[in-house]
Amino acid sequence: MKKYLLLFCMMAIVQLSFAGSMPSLDHSVASDSVVIEFGKSGKIVIIVENKEDFEKLKLMNINQIIRELDLEEDEISGETTIVEIKKKDGTSKQVVKVTEDGAETEVYIGNMRLLVDETGENTKVRFEPGLKRKSDPPFRTYFNMDLGINNYLENGSFPTSDKPYAVKGWGSWEVGLNFMASQRLSKGFYWNFGLGFQFYNFKFENRDYQAIRGDESIEFIQRTDVDGSKSKISASYLTAMTLLELDFGKMNDNGRRGIRVAAGPYAGYRLGGQSKYVYRDLNGSNKSKDKQDTGLYLQNFRYGIRGELGIGRVKFFTTYDLNELFQEGKGPELNPITFGIVF
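Note that the coordinates shown come from a computational prediction; the quantities given were computed from them, not determined experimentally. All chains use their own residue numbering, which begins from 1 and follows the written sequence. The predicted origin of the model limits local features to residues at a pLDDT of at least 70 and limits the giving and counting of side-chain atom pairs to 80 or more, whereas totals for whole chains, interfaces and linings rest on all residues. Derived side-chain values reflect all non-hydrogen atoms in the structure, with water molecules and hydrogen atoms excluded from consideration.

Caption draft 1: Focus on the overall build of the chain. The helix count covers DSSP runs of H or I at least four residues long, the strand count covers runs of E at least two residues long, and both are numbered beginning at the N terminus. When helices and strands are counted, the chain shows four helices and 18 strands. When burial is assessed residue by residue, the chain has 37% of its 343 residues classed as buried. To sort residues, take the accessible area from a 1.4 Å probe on protein chains only and compare it with the maximum for the residue type: under 20% means buried, over 50% means exposed, and anything in between is partly exposed.

So this is what it looks like as structure tokens:
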């Protein structure tokens, strides 16, 4: 099947090369050209330089012509470049490229795509004219959203359930809205940077405890006079971040099918902070909320490390604050950590 695809590619090359010089259907063929016609309108034009080349051509068949092309194939990706145009700046532009993946063969001719599927009993051929392949711009801007689950580490481990500030994973959400820019440094290597708004919630596992602002530090008091249903502290930040990203898919010309990894620092300024306690009377009536919008001795600045892992179209992230959540001596020594997904 591949030799017929190569034959088709040769026909396309001739068409692309001579389309501008043949404005009408009444073509005149030069005396040093050989025209092979087949079907209703198929043609292969072979140009020879001298009589010796013509005599050699008469001794060749189509299989030998294809072998004479001496095409080099990438053993890993299965790609074979048939025609490449070299530019003055040293870069090259692929005109025809063949990619083989088992029983599937994909041919790009300019912006046209030919797909041959031989996986089933019958061979399927699909032709897509005017296909636009996605480009990789040197600089772009974009918007994304983080959705994650928060916790924090105390002396390198998660607080145990007997601590009043132990976090319940489900409900301790982090939402981030980020405006980002990406500068391509080289093929598959990017510098990403931007600004974002992060909203953190730390929902306590023990809902009988309420976080309040004491005279000298944050205090966690146990409410025995009411029936607590929700207790949490929250904070919002304006955050600047920068990451270096390696896209192995772009490096190997596989697009989004590769793995992407990124890492870098971030720093943020706190915009707000509060505690929220939701409760009912002991008899189950009169649902109430108690909020303290005082910051609860939270740090005004935060900084840490962010990591990202992309697999296909899915991207995961994690952040870890290198400084503590509360001001020194004003609360437990807790370093926030977040795991989530990027949309």
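From this point, the narrative continues.
Caption draft 2: The arrangement of the pattern of salt bridges in detail. Should a side-chain nitrogen of Lys or Arg be within 4 Å of a carboxyl oxygen of Asp or Glu, the pair is scored as a salt bridge. Taken as a whole and assessed by the stated rule, the structure comprises seven salt bridges. Between Arg306 and Asp146 there is a salt bridge, with the nearest N and O atoms lying 3.0 Å from each other. In this pair, Arg306 sits in strand S16 (residues 301–311) while Asp146 sits in strand S8 (residues 139–153), placing the two residues 160 residues apart along the sequence. Owing to a relative accessible area of 0%, Asp146 belongs among the buried residues under this scheme. Residues Arg306 and Glu308 are paired through a salt bridge, measuring 2.9 Å at the closest nitrogen-oxygen approach. Judged on exposure class, the residue Arg306 and its partner Glu308 are both buried.

Caption draft 3: Quick peek at the pairing of strand S12 (residues 218–222). As defined by bridge partners, strand S11 (residues 209–213) adjoins S12 across five bridges and the pair is classed as antiparallel. Each bridged residue has a counterpart across the sheet, and for Tyr209 the counterpart in S12 is Gln222. At least two DSSP bridges between two strands are required for those strands to pair. The turn linking S11 back onto S12 is made up of four residues.

Caption draft 4: Representation of the packing of aromatic side chains within the structure. In this analysis, rings of Phe, Tyr and Trp, with Trp reduced to its six-membered ring, are considered paired at centre separations within 6.5 Å, and the interplanar angle assigns stacked below 30 degrees, edge-to-face beyond 60, and tilted for intermediate values. Across all of its chains, the model carries nine aromatic pairs by this definition. Each ring, one from Tyr152 and one from Phe202, has its centre 5.1 Å from the other, and the planes form 25°; the classification is stacked. Remark: Phe202 occurs in strand S10 (residues 189–203) and Tyr152 occurs in strand S8; sequence separation between them is 50 residues. We note that Tyr152, like Phe202, is buried.

Caption draft 5: View of the environment of Glu100. Note that Glu100 resides in strand S4 (residues 92–101). When the C-alpha atoms of Glu100 and Leu115 are compared, they prove to be 10.0 Å apart, with 15 residues separating the residues in sequence.

Caption draft 6: A look at the pairing of strand S13 (residues 227–247). In terms of strand pairing, S10 meets S13 through 15 bridges, oriented antiparallel. Residue pairing in the sheet places Leu195 in a bridge with Ala240 of S13. Relative to strand S14 (residues 259–280), S13 runs antiparallel, the two sharing 18 bridges. Within S14, the position partnered with Leu244 by the bridge is Ala263.

Caption draft 7: Spatial organisation of the nonpolar core. Think of a nonpolar core as a cluster: buried Ala, Val, Leu, Ile, Met, Phe, Trp, Tyr and Cys residues, connected wherever their side-chain atoms sit within 4.5 Å. Grouped together as the largest cluster of nonpolar side chains are 19 residues, with contacts concentrated most on Tyr152, Ile233 and Leu325. Counting residues per element, the ones that place at least two in this core are S10, S11, S12 and S13. Ranked by residues supplied to this core, first place goes to S13 with three residues. Beyond its immediate stretch of four places on either side in the chain, Ile233 contacts Tyr200, Asn201, Phe202, Phe204, Ala211, Gln274, Ser275, Leu296, Leu325 and Phe326. Grouped together as the second largest cluster of nonpolar side chains are six residues, Tyr142, Met241, Ala262 and Tyr266 included. Between two residues, a contact is recorded if the distance between any of their heavy atoms is within 4.5 Å.

Caption draft 8: Region of the structure containing the side chain of Glu245. Along the chain, the position of Glu245 falls in strand S13. In this structure Glu245 comes out as buried when scored by relative accessible area, which is 9%. Here a polar contact is taken to be a pair of N or O atoms separated by no more than 3.5 Å, where protein atoms must pair a possible hydrogen donor with a possible acceptor and residues adjacent in sequence count only if both atoms sit in side chains. Of note is the side chain of Glu245, whose polar atom sits 2.8 Å from the side chain of Asn192. Those residues in contact with Glu245, other than ones at most four positions away along the chain, are Gly188, Phe189, Tyr190, Asn192, Arg260, Val261 and Ala262.

Caption draft 9: Here's a closer look at empty space enclosed by the protein. Space inside and on the surface of the protein is sampled on a 1 Å grid over the protein atoms alone, with a cavity defined as a set of points where a 1.4 Å probe fits but cannot get out and a pocket as an open set with protein on both sides within 12 Å along at least 5 of 7 lines; lining residues have an atom within 4 Å of a point. Grid points are joined across faces, edges and corners, and a volume is the space filled by probe spheres set on the points. By the definition in use, this model includes three cavities of 30 Å³ or more. Every residue lining the largest cavity is listed: Asp146, Glu174, Gln198, Tyr200, Thr239, Met241, Tyr266, Arg302, Arg306, Phe317 and Thr319. At the level of elements, S10, S13, S16 and strand S17 (314–321) are the ones that each hand at least two residues to the lining of the largest cavity.

Caption draft 10: Structural view of the environment of Gly214. For Gly214, the location among the structural elements is in the loop between S11 and S12. Remark: the alpha-carbon pair of Gly214 and Tyr297, spanning 83 residues in sequence, is separated by 9.3 Å. If sequence neighbours within four positions are ignored, Gly214 has contacts with Glu219 and Tyr297.

Caption draft 11: Molecular detail of a positive patch on the surface. Each patch groups residues whose relative accessible area exceeds 30% and which form no salt bridge, using 9 Å between like charges and 5 Å between nonpolar side chains of Val, Leu, Ile, Met, Phe, Trp and Tyr. Note that accessible areas follow from Shrake-Rupley with a 1.4 Å probe, and for residues the cover is restricted to the protein chains shown. Only four residue types enter the charge count, namely Lys and Arg as positive and Asp and Glu as negative; His and the chain termini do not. A single reference atom marks each charge: NZ on Lys, CZ on Arg, CG on Asp, CD on Glu. Together, Arg280, Lys287, Lys289 and Lys291 line one region of the surface with positive charge. On the secondary structure map, Lys289 appears in strand S15 (residues 288–292).

Caption draft 12: Representation of unusual backbone geometry in the model. For Asn155, which is not glycine, the phi dihedral falls at a positive 55°. As for its position among the elements, Asn155 is in the loop between S8 and strand S9 (173–186). Since its relative accessible area comes to 71%, Asn155 is described here as exposed.

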